[in-house]
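Listed below, chain by chain, are the residues.
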Amino acid sequence: MKMTFRWYGKDDPISLEYIKQIPGMKGIVSAIYDIPVGEVWPLEKIKALKSEVEAAGLELSVIESVPVHEDIKLGKPTREQYIENYCQTLRHLGQAGIKVVCYNFMPVFDWTRSQLDYRLPDGSTALIYDENDIAKMDPLKGELSLPGWDSSYTKEDLAELFADYKQIDEEKLWENLGYFINKVIPVAETEDILMAIHPDDPPWGIFGLPRIITNKANLERFIALHPSKHNGLTMCSGSLGSDKNNNFPEMLAYFGKKGRVHFVHARNVKLVGNKSFQESAHLSETGSIDMYRVIKALHEFGYTGPIRPDHGRMIWGETGKPGYGLYDRALGATYLNGLYEAITKDNVE
Ligand code: DNO
């Protein structure tokens with residue numbers, strides 16, 4: 001496995017220089033952030049990002065994400081142009097030598113939490129999802145907004161989107177995903193880019209919107225949409241692991257052996273109710289996911305691709321983008337590398 005770190009570009013308070021100082025850090029996961037969703041990413045911008053990362057002694061390992069326009073998810077006639085733009089962005093990424101692209105197919109909202117600064121007993125703060133609080137939230141009322149959500153929507157846009165999604169149930173969303181995949185994967189094959197869909201976070205429908213990338217059966221259905229290995233997965237322990245019915249290490253091993261795992265997000269969650277969870281430190285004993293089994297699975301199927309420590313807590317007085325501080329993610333990277341070293345040596349010595 002290759003350790004990487006998410007970096008939000010020039011606006012990220014964490015510098016590439018600091019990231020490089022984390023032991024064993026090899027690559028960066030980033031994106032072009034100033035192009036509206038649905039437009040083609042210019043080749044020059046991609047090349048500039050790559051040069052900046054390489055000048056810091058790191059590799060631009062993954063693009064996370066190239067976002068999918070809502071019209072594609074909704075299956076509107078305008079999807080044709082947006083899919084063509086998506087393909088053109090992939091061609092540019094291919095020309096720049098990018099090998100892995102992460103994206104998601106979640107209607108309207110990306111990852112969702114009820115609180116971003118929940119105080120844990122040790123004084124650190126973490127992101128949490130409380131099903132009772134979520135049930136009380138109405139994205140169409142008030143000033144509800146979370147990082148990860150596209151902030152370019154006005155209240156009116158949101159109301160319109162919600163109305164459009166009334167026509168879209170899970171089966172329709174599958175159909176629209178299949179349509180997209182069958183247009184995009186041939187381009188990814190030509191460009192030799194491994195596409196890695198991110199699971200829905202949390203892995204169940206929210207605010208009445210459907211979600212389908214949620215469990216083993218659905219991941220199986222997803223990879224069957226196109227037989228190419230370029231049609232693959234981002235295996236995110238925190239997203240899939242927040243459903244108590246998902247055995248994440250087992251799922252990882254299963255899809256890894258099929259050659260469909262192209263990117264791994266590693267973080268821990270503590271399940272605290274039927275559909276409620278708190279993000280915890282990466283260490284197994286602090287959460288519900290056995291991180292040793294996660295890394296052991298990667299070792300067993302000989303994973304050589306990128307992995308990144310996902311969301312960290314805010315510790316040691318750090319402030320910044322919730323989930324994306326330096327300190328706890330650096331601890332996470334070091335812990336994951338430690339597990340990997342131990343497991344590897346146990347198996348050869
Ligand atoms: C959350 C991230 C997600 C992820 C997208 C991928 O922290 O894991 O926002 O980047 O869902 O498209």
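Residues numbered from 1 in each chain as written. Predicted model: local features only at pLDDT ≥ 70, side-chain atom pairs only at ≥ 80, totals over all residues. Heavy atoms only, no water.

- The protein chain is annotated in an unreviewed UniProt entry as Mannonate dehydratase from Staphylococcus caeli.
- Turning to the protein chain, the UniProt record has this under Sequence similarities (unreviewed entry): "Belongs to the mannonate dehydratase family."
- According to UniProt, the comment filed for the protein chain under the heading Pathway (unreviewed entry) is "Carbohydrate metabolism; pentose and glucuronate interconversion." (UniProt positions renumbered as here; feature names shortened; annotations may be inferred.)

**Observations regarding the overall build of the protein chain**
Here comes step 1: Counting secondary structure elements, the protein chain contains twelve helices and twelve strands.
Here comes step 2: Taken over C-alpha atoms, the radius of gyration comes to 19 Å for the protein chain, in line with the 20 Å a tight globule of 349 residues would show.
Here comes step 3: Dimensions along the principal axes, computed over C-alpha positions, put the protein chain at roughly 55 × 45 × 40 Å.
Here comes step 4: Across the 349 residues in the protein chain, those meeting the buried criterion constitute 56%.
Here comes step 5: Long-range contacts, defined here as pairs at least 24 residues apart, represent 72% of the contacts in the protein chain between residues at least 6 apart.
Here comes step 6: If you sum the accessible surface of the protein chain, you get close to 14,700 Å²; carbon and sulfur atoms cover 50% of it.
Here comes step 7: Of note, the protein chain has its 39 positive side-chain charges centred 3 Å away from the centre of its 49 negative side-chain charges. (Helix = DSSP H or I, 4+ residues; strand = E, 2+ residues; numbered from the N terminus. Rg over C-alpha atoms; globule rule 2.2 N^0.38 Å. Buried < 20%, exposed > 50% of the residue type's maximum accessible area, 1.4 Å probe, protein only. Contact = heavy atoms within 4.5 Å. Areas by Shrake-Rupley, 256 points an atom, 1.4 Å probe, with all protein chains shown as cover. Lys, Arg positive; Asp, Glu negative; His and termini not counted. Charge placed at Lys NZ, Arg CZ, Asp CG, Glu CD.)

**Let's talk about the site of the ligand**
Here comes step 1: Neighbouring residues of the ligand: 14 residues in total, closest Glu 64, Ser 65, Asn 104, His 311 and Tyr 324.
Here comes step 2: Contacts to the ligand include Arg 6, whose side-chain N or O atom sits 3.3 Å from an oxygen atom.
Here comes step 3: A distance of 2.8 Å is found between an oxygen atom of the ligand and a side-chain nitrogen or oxygen belonging to Asn 104.
Here comes step 4: Compared with its free state, where it exposes 330 Å², the ligand has 98% of that area covered by protein.
Here comes step 5: Looking at the shell around the ligand residue by residue, the classes come out as five nonpolar, five polar and four charged. (Near = heavy atom within 4 Å. Polar contact = N/O pair within 3.5 Å; in protein donor to acceptor, adjacent residues only side chain to side chain. Nonpolar A, V, L, I, M, F, W, Y, C, P; charged D, E, K, R; others polar.)

**Thoughts on helix 7 (residues 170-191)**
Here comes step 1: Taking 1.5 Å per residue, 22 residues should reach 32 Å; helix 7 reaches 31 Å between its end C-alpha atoms and fits that length.
Here comes step 2: Largest kink in helix 7: about 30°, centred on Val 184, with the proline Pro 186 one to four residues after it.
Here comes step 3: Every buried residue of helix 7 is listed here: Leu 173, Trp 174, Asn 176, Leu 177, Gly 178, Phe 180, Ile 181, Val 184, Ile 185, Val 187, Ala 188 and Glu 191.
Here comes step 4: Lining the buried residues of helix 7 we find helix 3 (70-74), helix 4 (79-95), strand 4 (100-103), strand 7 (194-197), helix 8 (216-223) and strand 8 (231-236).
Here comes step 5: After helix 7 finishes, the residue Asp 192 shows a positive phi value of roughly 55°. (Expected span 1.5 Å × (residues − 1). Bend = angle between axes of the 7 residues up to and from the residue.)

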